[in-house]
Amino acid sequence: MGYLTYAGSQEYEFEDRTLTHLKVAISMKLRRQESFLLNWSNSAEQGSGRMSLWLSPSIPLMFRFVGSRSPELNEQWVSVLHELSNTPRGMVVITEEEAERYLANR
């Protein structure tokens, strides 16, 4: 498991592979000085419910990975995350399988 630290104080836990893909997709947006929402659903272990964060180049983010190896990137997953970030709903954290289904149903 890895952690996304938002604004230097709030920490959110994600699986390392998911966090790696989020890091790339988020970095693509912030490099272009684009702000957007990041949305995900919490598991029952995390108290259920949904989360949304406003991401902006002016808000500090830190990605902390627990695993020692960097996972192989799935460019299609990154592409879907980036595409979702351009919608009114914002970037939605989805699984690799959900990204593949999204592309297949386009």
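Sequence order sets the numbering: in each chain, residues are counted from 1 along the sequence as written. Only residues with pLDDT of 70 or above have their local features reported here, since the model is predicted, and side-chain atom pairs are shown and tallied only from 80 upward, although totals for entire chains, interfaces and linings are computed over all residues. Excluded from the side-chain calculations are hydrogens and water; all other atoms, namely the structure's heavy atoms, are used.

Undergrad: Would you take a moment to explain the overall build of the protein chain for this structure?
TA: Every helix listed is a DSSP run of H or I at least four residues long, and every strand listed is a run of E at least two residues long, numbered separately from the N terminus. Assigned secondary structure in the protein chain consists of three helices and six strands. This radius of gyration counts C-alpha atoms alone. The globule rule is 2.2 Å times how many residues there are, raised to the power 0.38. Scaling as 2.2 N^0.38, a compact globule of 106 residues should have a C-alpha radius of gyration of about 13 Å, and the protein chain matches this with 13 Å. Dimensions of the protein chain, computed from the C-alpha atoms along their principal axes, are close to 40 × 30 × 30 Å. A simple rule labels every residue: compare its accessible area, found with a 1.4 Å probe on the protein chains alone, to the largest value its type can have, and call it buried under 20%, exposed over 50%, or partly exposed in between. Within the protein chain, the proportion of its 106 residues that are buried is 38%. The contact definition used throughout considers only heavy atoms, calling two residues in contact when any of these lie within 4.5 Å. A separation of at least 24 residues holds for 56% of the contacts in the protein chain among residues at least 6 apart in sequence. Here the protein chain has roughly 6,400 Å² of accessible surface; of this, 48% comes from carbon and sulfur atoms. Looking at the protein chain, you have 11 positive and 13 negative side-chain charges, and the mean spots of the two groups are 5 Å apart. Residue-level accessible areas treat just the shown protein chains as cover; the underlying method is Shrake-Rupley with a 1.4 Å probe. Note on charges: Lys and Arg go in the positive column, Asp and Glu in the negative column, and His and the chain ends are not counted at all. Just so you know, the charge point we use is NZ for Lys, CZ for Arg, CG for Asp and CD for Glu.

Undergrad: I tried to follow the packing of aromatic side chains on my own but got confused; where do I start?
TA: Each aromatic ring pair is summarised here by two numbers: the centre-to-centre distance and the angle between the ring planes. Each Phe, Tyr or Trp ring (for Trp, its six-membered ring) is paired with any other whose centre lies within 6.5 Å, and the angle between the two planes then decides the class: stacked below 30 degrees, edge-to-face above 60, tilted in between. Enumeration according to the criterion identifies two aromatic pairs in this entry. Ring centres 5.3 Å apart and planes at 70° place the aromatic pair Tyr-12 and Trp-40 in the edge-to-face group. Here Trp-40 lies in strand β3 (residues 36-41) and Tyr-12 lies in strand β2 (residues 10-14), a separation of 28 residues in the sequence. Ring centres 5.1 Å apart and planes at 70° place the aromatic pair Phe-14 and Trp-40 in the edge-to-face group.

Undergrad: Just to check I follow, could you spell out the confidence of the model for the protein chain for this structure?
TA: Reading predicted coordinates in detail is not appropriate for stretches of low pLDDT. Every residue is assigned a pLDDT by the predictor, reflecting its confidence on a scale from 0 to 100. Taken residue by residue, the protein chain gives an average pLDDT of 94. The fraction at 70 or more is 100%. For the protein chain, the element scoring lowest by mean pLDDT is β2, at 95; strand β6 (residues 91-92) scores highest, at 98.

Undergrad: I would appreciate a short explanation of helix α2 (residues 75-85) in the present structure.
TA: Residues lying three or four places apart along an α-helix face the same way, a consequence of the helix completing one turn every 3.6 residues. Within α2 the residues assigned to the buried category are Trp-77, Val-78, Val-80, Leu-81, His-82, Leu-84 and Ser-85. Structurally, α2 contributes buried residues whose contacts are with α1 (16-31), β3, β6 and α3 (96-104). Here a polar contact is recorded for every N or O atom pair within 3.5 Å, except that within protein the pair must consist of a potential hydrogen donor and a potential acceptor, and residues adjacent in sequence are included only if both atoms are side-chain atoms. Residue Asn-74 occupies the N-cap position of α2, its side-chain oxygen lying 2.9 Å from the main-chain nitrogen of Gln-76.

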